[in-house]
Amino acid sequence: MTETDRQDIVKIITEIVSTVTNMHLYPPTHPQVAPLVDRLYESISMLLEAVPELTLILVDEDIVLHGKPLPNVGPVGKSFVKLLTKKDLERITLLKGLPREQLFDFLNDLASVDVKTVSSRSCIKVGKISFDGELDGESDDFAEFRNTIIADLRALYYGIRSGKKFAIDEVKHIVAQFIENFTRSMNPLSLLASLKSEDEYTYVHATNVSLLAMSLAEYLGFSGKPLENIGVAALLHDVGKMVIPDEILNKPGQLDTDERTVMETHPLMGLQYLTKQADVPSLALIAAMEHHLKYDGSGYPHINDSWRPNIVSQMVSVADVFDALRSKRPYRDAVAQDKIISILRHESGKALNPELVEHFINMIEQ
Ligand SMILES: [Fe+2]
Ligand SMILES: [Fe+2]
């Protein structure tokens, strides 16, 4: 986020607060209200010319944009947080093409004491930070449980970005809860979360990769502490992405060569970060470093010609490729399951371990 972007967003937040305050004091038709709505509408439209969407989320008392808190928003930030909290909202997404009328109605809802629940519109999505189950056969209980996990993980990743102390016990606790709550009779695909907003990709992806890698490990006969360590390793595999700049991490398009070079530092960044933390299982360090290293020895980072990734890194790779392909990204649609399976088979023996690929396919097709 550049300084100009930050200023634009703070300006929008300030204008929302002042417009809603005025709408609260005056009737919606009052001459004081229309120019404020016009000004805000113009600011939002200008911003949405440059980006397809703007998502602001609340984490504790902070306003977070693309995984990072907005610094120095001041008293207006506090008023904004209060405004949303009053309506029990944790997230606002504004989408390109937002009509003025819709913005006006939405602001009216925020200002009105009679409106208890503010609903989403076609170009304004609001709600709690949650990922409701969309896949067939998923139990509400599991969806609710998984939503809590994603929220925990978001807080954890967010903590890492803001330099807070890393809590391995929380990671282990998340994994222990996963193990407790999923049973072998469930098809792991029914457990996966769907992406609701692009800036949540990192946490949702980490959750899904952990669920898939643990399911595969359990399918192969792992249990107890080794299973738990595999879950921890998978949950933390992309932790190095936390030091990759937002512009690259959330770029709504393919990366150019220079950006790709920066992105490809994330395995070593993850290793470096985890090495400095206490009590992290060594498997997590290994998987963070090796998950883009291919079965045939290619990939990155290049260590030496004869180096082959650890079997747990190979499990994480299969889960990683599967979840990345099934997720819709800004630059491509989600890939259909049969197409993913043929990609996995195509990569079998090259990027991916052939035996793991076959077991993984058997597991998800059972
Ligand atoms: Fe990665
Ligand atoms: Fe990944």
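Calculation criteria
Residues numbered from 1 in each chain as written. Chains lettered and ligands numbered in written order. Predicted model: local features only at pLDDT ≥ 70, side-chain atom pairs only at ≥ 80, totals over all residues. Heavy atoms only, no water. Phe/Tyr/Trp six-rings, centres within 6.5 Å; stacked < 30°, edge-to-face > 60°. Helix = DSSP H or I, 4+ residues; strand = E, 2+ residues; numbered from the N terminus. Buried < 20%, exposed > 50% of the residue type's maximum accessible area, 1.4 Å probe, protein only. Donors = N, O, S within 2.8 Å, 3.2 Å for Na, K, Ca; no water. Tetrahedral: all angles 85-135°; square planar, octahedral: opposite > 155°, others 65-115°. 1 Å grid on protein atoms, 1.4 Å probe; cavity = no way out; pocket = protein on both sides within 12 Å on 5 of 7 lines; lining within 4 Å. Points joined across faces, edges and corners; volume = space filled by probe spheres on them.

### Considerations on the packing of aromatic side chains
Part 1 of the reasoning: By the definition in use, this model includes two aromatic pairs.
Part 2 of the reasoning: A ring pair is formed by Phe 166 and Tyr 273, whose centres lie 5.7 Å apart and whose planes are at 85°; its orientation type is edge-to-face. On the criterion of sequence distance, the pair formed by Phe 166 in the loop between α5 (140-161) and α6 (168-181) and Tyr 273 in helix α11 (residues 266-275) is long-range, its members being 107 residues apart.
Part 3 of the reasoning: By relative accessible area, Phe 166 is classed as buried at 9%.

### Thoughts on the coordination of the iron ion (ligand 1)
Part 1 of the reasoning: Asp 238 (OD), His 266 (NE2), His 291 (NE2) and His 292 (NE2) make up the full set of protein donors to the iron ion (ligand 1), lying at 2.1 to 2.3 Å.
Part 2 of the reasoning: For the iron ion (ligand 1), the four donor atoms are set out with angles of 86 to 174° between them, so the coordination reads as irregular.
Part 3 of the reasoning: Within one chain, the residues donating to the iron ion (ligand 1) are spaced in sequence as D-x27-H-x24-H-H.
Part 4 of the reasoning: In this structure, the iron ion (ligand 1) lies 3.6 Å from the iron ion (ligand 2), and both are coordinated by Asp 238. Placement of the pair is Asp 238 in the loop between α8 (224-235) and α9 (246-249) and His 292 in the loop between α12 (282-290) and α13 (311-326), with a sequence separation of 54 residues.
Part 5 of the reasoning: For Asp 238, a relative accessible area of 3% translates into the label buried.

### Considering the coordination of the iron ion (ligand 2)
Part 1 of the reasoning: Around the iron ion (ligand 2), the donor atoms from the protein are His 205 (NE2), His 237 (NE2), Asp 238 (OD) and Asp 320 (OD), and they sit 2.2 to 2.3 Å away.
Part 2 of the reasoning: In this structure, the iron ion (ligand 2) is coordinated by four donor atoms arranged in irregular fashion, with angles at the metal of 74 to 173°.
Part 3 of the reasoning: We note that the donor set of the iron ion (ligand 2) lies within a single chain, spaced as H-x31-H-D-x81-D.

### Thoughts on the layout of surface pockets
Part 1 of the reasoning: Space inside the second largest pocket adds up to approximately 1,000 Å³.
Part 2 of the reasoning: Along the wall of the second largest pocket there are 38 residues; nearest its centre are Arg 260, His 292, Tyr 300, Ala 324 and Tyr 331.
Part 3 of the reasoning: At the level of secondary structure, the elements contributing two or more residues to the lining of the second largest pocket comprise α7 (201-219), α9, α10 (257-263), α13 and α14 (337-347).
Part 4 of the reasoning: The element that contributes the greatest number of residues to the lining of the second largest pocket is α13, accounting for five residues.

So far we have only geometry, and geometry alone does not tell us how the molecule works.
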